[in-house]
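A look at the structure
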Amino acid sequence: MSASSTHPADPSGWPPQLTAWERATNLPLFALALLFLVAYAVPILDPGLPAWVGTAATTVYVLVWALYAADFAVRLVMAGRGNRWRFVYSHPLDLLMVLLPMLRPLRVVRIVVLLAEVFRRHAEASKRFQAVFYVVSVTGMILLVSSLAILDAERDAHGTQVADFGDAVWWSVVTATTVGYGDMVPQTVEGKAIAAFLMFAAIGLVGLVSGSLASWFVDRVSAAEETTERAEFVELRSRLERLELQLAEIHAALVPGTAGGEPAAVPAPRGEPTGGAGAQ
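Residues numbered from 1 in each chain as written. Predicted model: local features only at pLDDT ≥ 70, side-chain atom pairs only at ≥ 80, totals over all residues. Heavy atoms only, no water.

Thoughts on the side chain of H91
Tracing the sequence through the fold places H91 in the loop between helix 4 (84–90) and helix 5 (92–99). For H91, a relative accessible area of 17% gives the class buried. Contact partners of H91, with chain neighbours within four places excluded, come to W14, E22, F72 and R75. (Helix = DSSP H or I, 4+ residues; strand = E, 2+ residues; numbered from the N terminus. Buried < 20%, exposed > 50% of the residue type's maximum accessible area, 1.4 Å probe, protein only. Contact = heavy atoms within 4.5 Å.)

Here it is, written out as structure tokens:
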């Protein structure tokens, strides 16, 4: 018996063993992403911790990176010989997070992907609501990571304007919304790079959120109009049925012999025989 006969075909076109692997590893990868976020945030939020905390955080970075790299390699092999380039092309963020260690903080975006998957499995929601949930969650995650990164880069810089996490969150919100008050400006090259990344990422995400909300309002208006049209159609159909019933009653009253549901006999024209013996 072939593998295709034992496993149903995946609608996305990926081999069934790859889909099964991704479903089985969702929860472990979710836990790893949370662990990475904690290890990344704790030393930044409290720099006065003992040295072993930093060593433990570095160990977690390496461990999580190695496990995610192994997961990517396994999925690449399971994709099959003819699907590997398509797999790499359709998973660019996973590839960048493995190849470029400087982008490892973005791995927390995986949390949003997994939360969206869990939400999709355990809730009955429209595709549009899932997309809005995904975009809003990614936006919040990027704001959080950007706040941690800018605080780590700017806290000890000369003439810094980002002294604590509250300042960092305010800077991230102002930068992401492109308001640009100018009350907090990065002083380091790393801080300016983070600001550039946040601005470019936020422009796209804010546009997606705005477009999703506009589309949602249009859909709501269209649904209301469709409901109104359906109600009008039902009312019109009911009126037609009543009109047909009244016409039937009028016809029964005017034409004798139709009250019982049988048509009345049509009289023969004058001068024509009606049949029978008298017509001979």
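Looking at the confidence of the model for the protein chain
Taken residue by residue, the protein chain gives an average pLDDT of 76. The fraction at 70 or more is 74%. The secondary structure element of the protein chain with the lowest average pLDDT is helix 1 (residues 3–6), at 42, and the one with the highest is helix 8 (residues 165–176), at 90. Note that pLDDT drops below 50 for residues 1–9; the model gives that stretch three contacts with residues more than four away or on any other chain. Low pLDDT, under 50, characterises residues 276–280; the predicted model gives this stretch one contact beyond four residues in sequence or across chains. (pLDDT = per-residue confidence, 0-100.)

Some thoughts on the packing of aromatic side chains
For the structure shown, the criterion picks out four aromatic pairs. Arranged with centres 5.6 Å apart and planes meeting at 50°, the rings of F72 and F87 form a pair that is tilted. Of the two residues, F72 sits in helix 3 (residues 51–78) while F87 sits in helix 4, which places them 15 residues apart along the sequence. The pair formed by F72 and F87 is uniform in burial state, with each residue classed as buried. By way of ring pairs, the aromatic residues W14, F72 and F87 are connected into one cluster. (Phe/Tyr/Trp six-rings, centres within 6.5 Å; stacked < 30°, edge-to-face > 60°.)

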